[in-house]
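# Structural description and commentary
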Amino acid sequence: MACKPVPDHVPPEMVKDFSLFTSPGMERMPNGDPHAAVACLHDAPPIFYSPNNTRDGRGTWVITRAKDQRRVLQDTATFSSHRSIFASALGENWPMIPLELDPPAHGVFRSLLNPLFSPKRVMVLEPVIRERAITLIDRILAASTSCDVMKDFAFPFAVSIFLGFLGLSDKERDTFVGWGRDLLHGENVKRTAAALAIVGFIDELAAMRRKEPAGDFMSFAVGAQVNGRPLTDEEVRGIGVLLFVAGLDTVATAIGFDLAHLARNLKDQQLLRSEPDRIGLASEELLRAYSTVQMIRVATKDIDFDGAPIRKGDYISCATMIANRDPEEFDCPNTIDLAREDNRHTAFAHGPHRCLGSHLARREIVIGLEEWLSRIPDFRIKGGTAPITFGGHVFGIENLILEWS
Amino acid sequence: MRIIVHKNKCQGHARCWAQAPDIFNLDDEGYILPGDIEVAERDELLASRGARSCPERALEIDATADALLTRLLFNQACGGVK
Ligand code: HEM
Ligand code: SF4
């Protein structure tokens, strides 16, 4: 934070006045389209320096092209994930696991966690996910011909499945969602308070499960072994906190952007309604076009990256919402084509940190859209209302009021 | 045709499996099993779709394997085969 906005080693001509937080189109606004706003970066050089591109105002290099981002994300020796972003908000220094570990330690924890989140494991959850979607939608239908999709469907749906997965009660859902929101999008004071609350909650849960295992995720974590030894308290915390933060509202946001698109593009809505088999492929295109996460890496050594003098300690941003609109990677990237094939987008990252929850997230999104489209008749954005979107480290949508007749 | 599996590049996205679960087999963690894959002629389109959907470029279509594939690729470039 105390750093100069632009370090001396950055050539002035490589500085660009762009930020995922403060550039035009990134602010909280009605009917915003932050994804279109960042797509313009493909007219700019492939790499530049942004003086203010993290929540706490740090500068980062910005890598815009998909090909270059792949280079960064695969070279974990040069571009490390070890940043302790979460702990540093508390003035502490422990990694979220596996997110902030590098190989080979990273792989040890991935091998531990992968089986719990594998595609086959997620298939088993399908009936529960579907049942949850149907209950919520039927309740909406019975009550009205309009609803706030975020509040009435996307959040309760995604968050309750996630909490169920972790073995947590649904009762405190709103508290959890509030923590998540403050942490990802709040001001510093709120952010620290939320971080403390989450850590306290996870530590307490871990202690409870140590005393009395309950066959849920935390019980698994406290009983698990890596390299022939049990996990330390700090490791259990690192895993618990990460899952909590990574899984809480990401899926709801994706569903929100997807249904907003379908409400505004009636042809696309018609297509998926009449041919639900297309929803799987379409949801990949929507993930591409409305990607939400910026990945940050830190340089472990000085390196020249296509003429950019990256120095040890510099931050490097690989924003999925930028790479997934790269015209060299996708034909007509700003056209949303629900039948797009060979869609190798990176909404769930690229390289070893590929989203652990991606299979669960994908099933939730597809099932959510299937059940919504098969139950709710032709819907549009309610007259006089406007969805509020915002940019930042994680893009989001706050409200989405739909109506149908 | 044959698909060359670069196991070390696989990061478990399971996009190949999502396209063709009978062709691309995953281990318990959800990563591709090692070993190249011989694809029967009737499965070629599906298999090449699966390979082309791998975000990590871990699945390489062995273009030397047979001429059929050349035809397939050629047609696609013209928007022929869908
Ligand atoms: C649409 C929803 C989601 C999106 C777009 C998404 C996106 C991402 C991205 C881009 C990363 C890489 C971050 C980085 O390398 O810096 C990531 C990592 C991760 N995600 Fe997700 N995610 C989603 C849902 C979930 C869910 C539901 C869970 C948990 C149940 C989850 C758990 C994780 C974990 C544990 C990691 C760290 C993986 C590692 O470092 O090896 N995510 N996610
Ligand atoms: S799509 Fe690629 S990365 Fe994913 S499981 Fe198949 S081979 Fe592995």
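Residues numbered from 1 in each chain as written. Chains lettered and ligands numbered in written order. Predicted model: local features only at pLDDT ≥ 70, side-chain atom pairs only at ≥ 80, totals over all residues. Heavy atoms only, no water.

Turning to the overall build of chain B, a few remarks are in order. Each helix and strand in chain B was counted, giving three helices and three strands. Starting at the N terminus and walking to the C terminus, you meet the elements of chain B as β-α-β-α-β-α. Across the 82 residues in chain B, those meeting the buried criterion constitute 45%. Just so you have it, chain B exposes about 4200 Å², and 52% of that area is on carbon and sulfur atoms. (Helix = DSSP H or I, 4+ residues; strand = E, 2+ residues; numbered from the N terminus. Buried < 20%, exposed > 50% of the residue type's maximum accessible area, 1.4 Å probe, protein only. Areas by Shrake-Rupley, 256 points an atom, 1.4 Å probe, with all protein chains shown as cover.)

Here we take up the packing of helix α7 (residues 173–185) of chain A against helix α10 (residues 233–248) of chain A. Residues and elements named next belong to chain A. One way to put it is that α7 packs onto α10 with a least axis distance of 10 Å and a crossing angle of 90°. By the angle class used here, α7 and α10 are roughly perpendicular. Residue-level contacts link F176, V177, W179, G180, L183 and L184 of α7 to F244, V245 and L248 of α10. (Axes fitted to C-alpha atoms, helices over the stretch in contact; angles between N-to-C directions. Parallel < 35°, antiparallel > 145°, perpendicular 65-115°, else oblique. Contact = heavy atoms within 4.5 Å.)

If you look at the biggest cluster of nonpolar residues, it comprises 98 residues, and the most contacted ones within it are F86, F153, L259, W372 and F379 of chain A. Excluding its chain neighbours within four sequence positions, the residues that come into contact with F153 of chain A are A133, L136, I137, I140, D148, I255, L259, G368 and W372 of chain A. Counting 21 residues, the second largest nonpolar core, distinct from the first, contains W17, L26, I32 and A51 of chain B. (Core = buried A, V, L, I, M, F, W, Y, C linked by side-chain atoms within 4.5 Å.)

Moving on to the site of ligand 1. Residue and element names in this part refer to chain A. Around ligand 1, a shell composed of 26 residues is seen, among which H106, R110, R297, H353 and C355 lie nearest. Here L99 contributes a backbone N or O atom positioned 3.3 Å from an oxygen atom of ligand 1. At 2.7 Å from an oxygen atom of ligand 1 is found a side-chain nitrogen or oxygen belonging to R110. Taken together, the elements giving at least two residues each to the shell around ligand 1 come down to α4 (105–113), α10, α11 (250–264) and β8 (294–299). Here the element with the most residues in the shell around ligand 1 is α10; it accounts for four residues. Residues of the shell around ligand 1, tallied by class, amount to 18 nonpolar, six polar and two charged. (Near = heavy atom within 4 Å. Polar contact = N/O pair within 3.5 Å; in protein donor to acceptor, adjacent residues only side chain to side chain. Nonpolar A, V, L, I, M, F, W, Y, C, P; charged D, E, K, R; others polar.)

We now examine the site of ligand 2. C10, Q11, G12, H13, A14, R15, C16, C54, E56, A58 and L59 of chain B make up every residue found near ligand 2. Of the residues contributing to the shell around ligand 2, the split by class is six nonpolar, three polar and two charged.

All names here are of chain B. In this model, chain B carries an average pLDDT of 86, and 78% of its residues clear a pLDDT of 70 or more. Within chain B, helix α3 (residues 67–77) has the poorest average pLDDT of any element, 58, and strand β1 (residues 2–5) the best, 96. The low-confidence segment residues 77–82 (pLDDT under 50) makes seven contacts with residues lying over four places distant or belonging to another chain. Among the prediction metrics, the complex's ipTM stands at 0.88, with pTM recorded as 0.93. (pLDDT = per-residue confidence, 0-100.)

Here we come to the coordination of the iron atom of ligand 1. Reference values for coordination geometry: four tetrahedral donors around a metal ideally subtend 109.5 degrees, six octahedral donors ideally subtend 90 or 180 degrees. Of the protein atoms, C355 of chain A (SG) alone serves as a donor to the iron atom of ligand 1, at 2.3 Å. Along the polypeptide, C355 of chain A turns up in the loop between α14 (320–323) and α15 (358–375). (Donors = N, O, S within 2.8 Å, 3.2 Å for Na, K, Ca; no water.)

All names here are of chain B. Pairing between β1 and strand β2 (residues 37–38): two bridges, direction antiparallel. The residue bridging R2 from the neighbouring strand is E38, located in β2. Bridge count for β1 against strand β3 (residues 59–62) is four bridges, and the pairing is antiparallel. For I3, the partnering residue across the bridge sits in β3 and is I61. (Pairing = 2+ DSSP bridges.)

Taken residue by residue, the interface counts 23 residues in chain A and 20 residues in chain B. A buried area of about 1900 Å², summed over both sides, lies between chain A and chain B, and 43% of it is on carbon and sulfur atoms. Taken together, the connections running from chain A to chain B amount to four salt bridges. Connecting chain A to chain B are 18 residue pairs in polar contact (both at pLDDT 80 or more). (Buried area = accessible area lost by both parts, 1.4 Å probe. Salt bridge = Lys/Arg side-chain N within 4 Å of Asp/Glu carboxyl O.)

Okay, the sheet that holds strand β14 (residues 396–397) of chain A next. Residue and element names in this part refer to chain A. Spatial ordering of the open sheet is given by β1-β13-β14, a layout of three strands whose pairing is antiparallel. Strand pairing shows two members of the sheet lacking a second neighbour, β1 (29–30) and β14, which therefore form its edges. Bridging between β1 and strand β13 (residues 388–390) involves two bridges; their strand directions are antiparallel. Bridge pairing in β13 links M29 to T389.

Now for the packing of aromatic side chains. All names here are of chain A. Tallied over the full model, the rule gives 17 aromatic pairs over all chains. Ring plane angle 45° and centroid distance 6.2 Å describe the contact between W179 and F244, whose orientation is recorded as tilted. Within this pair, whereas W179 is found in helix α7, its partner F244 is found in helix α10, the two being separated by 65 residues in sequence. Given the relative accessible area of 1%, F244 is considered buried. Members of the aromatic cluster, each reached through a chain of ring pairs, are F153, F157, W372, F379 and W404. The ring of F305 carries R71 above its face, with NZ or CZ at 4.0 Å from the centroid. (Phe/Tyr/Trp six-rings, centres within 6.5 Å; stacked < 30°, edge-to-face > 60°. Lys NZ or Arg CZ within 6 Å of the ring centre and 35° of its normal.)

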